[in-house]
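Tertiary structure, described
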Amino acid sequence: MRFLLDAEQRAFADSLDAMLTAADTPSVVREWSRGEHAGGRALWSRIAQAGVFALAVPEAYEGLGPRPVELAVAFVELGRHAVPGPLVETVTAAALLAGLPDPGAAKRLLPALATGEAMATLAWTAPYALDGDAATTHLALTPHGLYLSPGHGPVRPSLDPARRLTPLDPGGELLSPDPPTAQALAHARLTTAAQALGVGLALLDRTVAHVRRRTQFGVPIGSFQAVKHRLADAKVALEFARPLVLGAALTMDPADIAAAKVTACEAAYTTARTALQAHGAIGYTAEYDLSLWLTKARALRTAWGGPDACRAEVLGAARPGQDRVSGDRRW
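In the annotation of an unreviewed UniProt entry, the entry for the protein chain reads Acyl-CoA dehydrogenase, and the organism field reads Streptomyces cyaneochromogenes. On record in UniProt, under Sequence similarities (unreviewed entry), the comment for the protein chain is "Belongs to the acyl-CoA dehydrogenase family."

So, in C-alpha cells, the structure goes:
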C-alpha cells in the first residue's frame, strides 16, 4: 500500500526543510552539546511558530491537534536535520497532559507548550530525563502517579552528546495518581520512529554525496559494486519504513506504531553502519558532521522501547486473547 502526502503536507515538509537548512543545525547541535542553549532555544521558537508542537495539543488548549500524520511529517524533517532538544518528550508530555481526567493541569501547561514558550521533558518510569537542564516543564511518571517535578540534578553523559540526561528531583505537585499512558507512549514511539527515519535519510544522502566525491584507484568509490549494494540495502530499508510510519500515524494502533518504530530505527541504524563503513575513520570523528547523525541513530534505536520491546508488542497483537507484552492469556 502506498501512502502519499497531499499538497499541503508536502508544502509543510518543504517549508520545515528550508527553514532548518538555513538554520545551520550542526553548529546548533554542537552548542547544545556543550550546554549552550541560546541557539537551540531560538530554533525551538521557529519550529513552534511553524506549528509543530501545536499539532500535538488539542484545540481546546490552544493547539491544532491532535494531528499525528502531520506530526510524523514534521519529525522526519527534524530528524533529517538532527535538531537537538526534548522534541519527542514535549509531544509526549502534551499527549499525557491532554488525557488527564482533571483538565486543570492541561489548561495551565499546554498552551505554553503549543506556542514554544515552554519546553517539556519527561522521566518515563526511569531515573533520567532528556535535556532537563534546558526544559522548563519537568514531568516524572512514577509508580505513584504523574508529578510536576520541582527541578533536576546534574547533567550525565550520554551516547549522543546532544541528548543530555538529567535526573529529576523527587516530589513536586501530583498531577494525577493514575495517568492514561497508552496514548502518550503511542505519540512517543511514533515521533521517535519518524525522527529516526529522517536521520536515516540524512545519513544516506550524505553518504551518497561522499562516495561520489571520494576516489580510489582513479575512480569514485561509489562505482564499486560492494558500495552500491550496501547503499541499495539502506535505501530499500528506509523506503520500506516510510509507509509503516505514515500508516501507523493514520491508525495510531499500538502494534502498528511498534512495528513502525522498530522498522524505522533498525533502518536508520543499518544506514548508520553503512555510512560509517563508506566514510572510513573520518566518519566517527566528533569534528565531522556525520557523527551528529551516527550517534543519534544509535540513541533513537533504544529510546521509548528497544527492538525487543517493540517486537513483543507486534507479536502480542498477532495473538488474539493474549496480553501484548507478557503473552498471558486474558479470560
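Here the narrative resumes.
**Here's the deal with unusual backbone geometry**
Residue Gly65 is joined to Pro66 through a cis peptide bond whose omega torsion reads 5 degrees. When you line up the elements, Pro66 lands in the loop between α3 (38-49) and α4 (68-80). Despite not being glycine, Asp24 shows a phi value in the positive range, around 55 degrees. Along the chain, Asp24 falls in the loop between α1 (7-22) and α2 (25-33).

**Quick look at empty space enclosed by the protein**
Summed over all chains, the structure comprises 1 cavity of 30 Å³ or more. Roughly 70 Å³ of volume is contained in the largest cavity. In terms of lining residues, the largest cavity is bounded by 13 residues, among which Gly85, Leu130, Arg163, Gln195 and Lys296 are the most central. Sorting the residues of the lining of the largest cavity by element identifies α5 (87-98) and α10 (290-302) as the ones contributing at least two each. With 3 residues, α5 is the single largest residue contributor to the lining of the largest cavity.

**Some details on the environment of Thr90**
Looking at where Thr90 falls in the secondary structure, it is placed in helix α5. Note on Thr90: relative accessible area 2%, which makes it buried. As for Thr90 and Pro243, which are separated by 153 residues in sequence, their C-alpha atoms are 24 Å apart. Excluding residues within four positions of it along the chain, Thr90 makes contact with Trp44, Phe53, Leu113, Met119 and Ala120. Reaching out from Thr90, the side chain makes a polar contact with the backbone oxygen of Pro86 at a distance of 2.9 Å.

**As for the UniProt feature "domain: Acyl-CoA dehydrogenase/oxidase C-terminal" (unreviewed entry) in the protein chain**
Mapped onto the present numbering, the UniProt feature "domain: Acyl-CoA dehydrogenase/oxidase C-terminal" (unreviewed entry) falls at residues 183-315. As annotated, residues 183-315 has a helix share of 80% and a strand share of 3%, and its two end C-alpha atoms lie 19 Å apart.

**Structural notes on the sheet that holds strand β3 (residues 137-142)**
With respect to topology, 4 strands assemble into an open sheet ordered β1-β3-β4-β6, the strand pairing being mixed. A single partner strand is all that each edge strand has here, and the edge strands are β1 (120-124) and β6 (173-176). Here the strands of the sheet are splayed against their neighbours by 25 degrees on average, with no regard to which way each runs. Here 3 bridges tie strand β4 (residues 145-148) to β6, and the two strands are oriented antiparallel to one another. Note on β6: the bridge partner recorded for Tyr147 is Leu174. Packed on one face of the sheet, α5 meets β1, β3, β4 and β6 and runs near 75 degrees to β1.

**Brief notes about the nonpolar core**
Of all hydrophobic cores here, the largest spans 81 residues; its most connected members are Ile47, Val52, Phe75, Leu97 and Val245. No other element matches helix α7 (residues 182-213), which puts 10 residues into this core. Looking at which domains feed residues into this core, each of domain 1 (7-180) and domain 2 (183-317) gives three or more. Every residue in contact with Val52, bar those within four places of it in the chain, is listed here: Phe12, Leu16, Ile47, Leu71, Ala74, Phe75 and Leu78.

**Re the domain arrangement of the protein chain**
One can read the domain layout of the protein chain as domain 1 (7-180) and domain 2 (183-317). Look at where the C-alpha atoms of domain 1 and domain 2 centre, and you get two points 22 Å apart. The partner domain 2 presents 33 residues to the 27 residues of domain 1 that form the contact. Where domain 1 abuts domain 2, roughly 2,600 Å² becomes buried across the two surfaces, and 70% of that area is made up of carbon and sulfur atoms. Looking at the side of domain 1 facing domain 2, the largest losses of area belong to Arg30, Arg80 and Val88, adding up to 20% of the total buried there. Across the contact surface, domain 1 and domain 2 share 2 salt bridges. Between Lys296 and Asp160 there is a salt bridge, and its shortest N-O distance comes to 3.3 Å. Counting only elements with at least two residues in the side of domain 1 that touches domain 2, the list comes to α2, α4, α5 and β1.

Conventions used here
- Residues numbered from 1 in each chain as written.
- Predicted model: local features only at pLDDT ≥ 70, side-chain atom pairs only at ≥ 80, totals over all residues.
- Heavy atoms only, no water.
- UniProt positions renumbered as here; feature names shortened; annotations may be inferred.
- Helix = DSSP H or I, 4+ residues; strand = E, 2+ residues; numbered from the N terminus.
- 1 Å grid on protein atoms, 1.4 Å probe; cavity = no way out; pocket = protein on both sides within 12 Å on 5 of 7 lines; lining within 4 Å.
- Points joined across faces, edges and corners; volume = space filled by probe spheres on them.
- Buried < 20%, exposed > 50% of the residue type's maximum accessible area, 1.4 Å probe, protein only.
- Contact = heavy atoms within 4.5 Å.
- Polar contact = N/O pair within 3.5 Å; in protein donor to acceptor, adjacent residues only side chain to side chain.
- Pairing = 2+ DSSP bridges.
- Axes fitted to C-alpha atoms, helices over the stretch in contact; angles between N-to-C directions.
- Core = buried A, V, L, I, M, F, W, Y, C linked by side-chain atoms within 4.5 Å.
- Domains from an automatic or database assignment.
- Buried area = accessible area lost by both parts, 1.4 Å probe.
- Salt bridge = Lys/Arg side-chain N within 4 Å of Asp/Glu carboxyl O.

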